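A closer look at the structure
In case you want the letters, here they are:
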Amino acid sequence: MFPAVLDFQILLDPQYLPLFIKGLKTTLLLCVLGNIVSVILGTLIGISKLSDFKPLKYFASAYVEVFRNTPLLVQVYFFYFGLALEPFWAGLFGLCTYTSSYIAEVVRAGIQSVPEIESKAADALGFNSYDKITKIILPQAFRIIIPPMSNQLMNLTKNTSIVYFITVADITYIFETLSAQTFKFFEFFVVAALTYMIICWIIALASYWAEKYFYVPGMINLEVGLDH
Amino acid sequence: MHIIALVNLIPPDFSLIFDGLKITLIIAFWTAVFALPFGILLGVMRSSRIKLFRWPAALYIELIRSLPLVLYMVMIFLTMSFGAESRGVFTLASFTAAYIAEIVRGGLKSVDKNQLRAAYSLGMKTPQVLMKIAIPQAVTRMIPALVNQFNVVIKDTSLVSIGLLELTKAGKILSERKPMYSMEIILLIAVIYFVICYGLSIFGQYLERRYAERLQ
């Protein structure tokens, strides 16, 4: 497993480099699309969970429980075998349903940590419920949930490797193919692992920056109790 | 999409699913057995004041936590040559231990410092303080989180299907064998996982509530 001499030159071999870049592109695409869709979907479900409209509330709760309590791989297989989607889309949809159920819980906890007086004040000022949510509640909730949200985005980044199982040529799949061809397991492993780490570092830095940038002096800053 | 018709599955199919479920539970059980002591050891080392203990533990935890489980599992299955079941348990246990270590660290952190000071002032040595004062208190606080982690382990066993015929792999094989009914088969697999995991999460919530009540 740990060869005496590491040969990282092999990565620049024109035979393998294009494959690796292809894998990198797939992983990045999954990551970006998955994160955008999951955040939007998760936010909608999270808001629905606190809705006064009972059917919507129950639907959102059921959605969260179902997708949090089944393995990501089974969800991906559902889209791949059950609905017979293209592998890439099956992987993307599986990632989105799984992650959005976690993000929904994060958003719900964030909204609940905004003091109720804010909502009452908005009512008193005559905001309608759409404006109340988008202009009063969510801006505060999102500031509070930046750290747990970025955690979920990093989880999704790592979870993109699930598409390996449905033969989408992402960085994990390319790692397996190339290292089986060349027997340079460790070299390709390091590069694949670093790819995920670097994306996660970027997300962590962005969340650190966002926390600073959107900081409002004097805004309530409560500990958000979240179960992961 | 057609109506759910499990009647289309014949007894051998069900026995494949049943065998898969057995493997899933066995893997999850052994993972818990190995990951728990290793995770507790790592968590205690990570909380130590001695750098020789703290730094290797911190390095291990951070490295594992930054790796995708699938990538780690593919690497282990490619490079290690012992039995498939042992490889699966090894991967899951070494991976889960890093997450358990973080739970343990959080639990130890939550123990009131005055308790430790009191123990030291009574003349106890560090191992005694750990075993008799810190860990018993930390464990009560950690149990809900550990139950949740076990929930995650059950879901993660699905990734062992790289090299083992467990529940998810059984579903995959059956839906490739009978593409007409793949929807029903995957749903059946999902329901089995859901029953186990949802049951566990309800149990975890119950423990959490009971702990919260006991604090008041």
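Everything here concerns the structure above.
Residues numbered from 1 in each chain as written. Chains lettered and ligands numbered in written order. Predicted model: local features only at pLDDT ≥ 70, side-chain atom pairs only at ≥ 80, totals over all residues. Heavy atoms only, no water.

1. Let's talk about the overall build of chain A
Each helix and strand counted, chain A has 9 helices and 0 strands in total. In chain A, the order of α-helices and β-strands from amino to carboxyl end is α-α-α-α-α-α-α-α-α. Here the C-alpha coordinates of chain A stretch approximately 70 × 45 × 25 Å along the principal axes. Sorting the 228 residues of chain A into buried and exposed places 50% on the buried side. Total accessible area on chain A is roughly 11400 Å²; 67% of this is exposed by carbon and sulfur atoms. Averaged over its 14 positive side-chain charges, chain A has a centre that lies 5 Å from the centre of its 16 negative ones. (Helix = DSSP H or I, 4+ residues; strand = E, 2+ residues; numbered from the N terminus. Buried < 20%, exposed > 50% of the residue type's maximum accessible area, 1.4 Å probe, protein only. Areas by Shrake-Rupley, 256 points an atom, 1.4 Å probe, with all protein chains shown as cover. Lys, Arg positive; Asp, Glu negative; His and termini not counted. Charge placed at Lys NZ, Arg CZ, Asp CG, Glu CD.)

2. Quick notes on the packing of aromatic side chains
All names here are of chain A. Counting across every chain of the model gives 24 aromatic pairs over all chains. Relative to Tyr102, the ring of Tyr98 has its centre 5.2 Å away and its plane inclined at 55 degrees; by these criteria the two rings are tilted. Of the two residues, Tyr98 and Tyr102 are both situated in helix 4 (residues 87–112); the distance of 4 residues between them amounts to about one turn of the helix. Grouping residues by exposure puts Tyr98 and Tyr102 together as buried. In this structure an aromatic cluster arises from ring pairing among Phe78, Phe79, Phe88, Trp89 and Phe93. (Phe/Tyr/Trp six-rings, centres within 6.5 Å; stacked < 30°, edge-to-face > 60°.)

3. Comments concerning the interface of chain B and chain A
Facing the 36 residues of chain B at the interface are 34 residues of chain A. Between chain B and chain A the total buried area reaches about 3100 Å² when both faces are included, carbon and sulfur atoms providing 78% of it. The tally of links from chain B across to chain A stands at 0 salt bridges. In this structure, the connection of chain B to chain A is made through 6 residue pairs in polar contact (both at pLDDT 80 or more). Sorting the residues of the side of chain B that touches chain A by element identifies helix 2 (51–65), helix 3 (69–79), helix 6 (126–156), helix 7 (167–177) and helix 8 (182–215) of chain B as the ones contributing at least two each. (Contact = heavy atoms within 4.5 Å. Buried area = accessible area lost by both parts, 1.4 Å probe. Salt bridge = Lys/Arg side-chain N within 4 Å of Asp/Glu carboxyl O. Polar contact = N/O pair within 3.5 Å; in protein donor to acceptor, adjacent residues only side chain to side chain.)

4. Examining the nonpolar core
Core analysis: the biggest nonpolar cluster contains 83 residues, and A:Ile162, A:Phe165, A:Phe175, B:Leu71 and B:Leu159 have the highest contact counts within it. Setting aside residues up to four positions removed in sequence, A:Ile162 forms contacts with A:Leu72, A:Leu73, A:Val76, A:Leu95, B:Val70 and B:Leu159. Core analysis: the next-biggest nonpolar cluster, separate from the first, contains 19 residues, A:Val107, A:Val114, A:Leu153 and A:Cys200 among them. (Core = buried A, V, L, I, M, F, W, Y, C linked by side-chain atoms within 4.5 Å.)

5. With respect to unusual backbone geometry
All names here are of chain A. A positive phi angle is found at Thr167, which is not glycine, with a value near 50 degrees. Its place among the elements puts Thr167 in the loop between helix 7 (146–159) and helix 8 (171–182). At Phe183, a position not held by glycine, the phi torsion is positive, near 65 degrees. Here Phe183 shows up in the loop between helix 8 and helix 9 (185–213).

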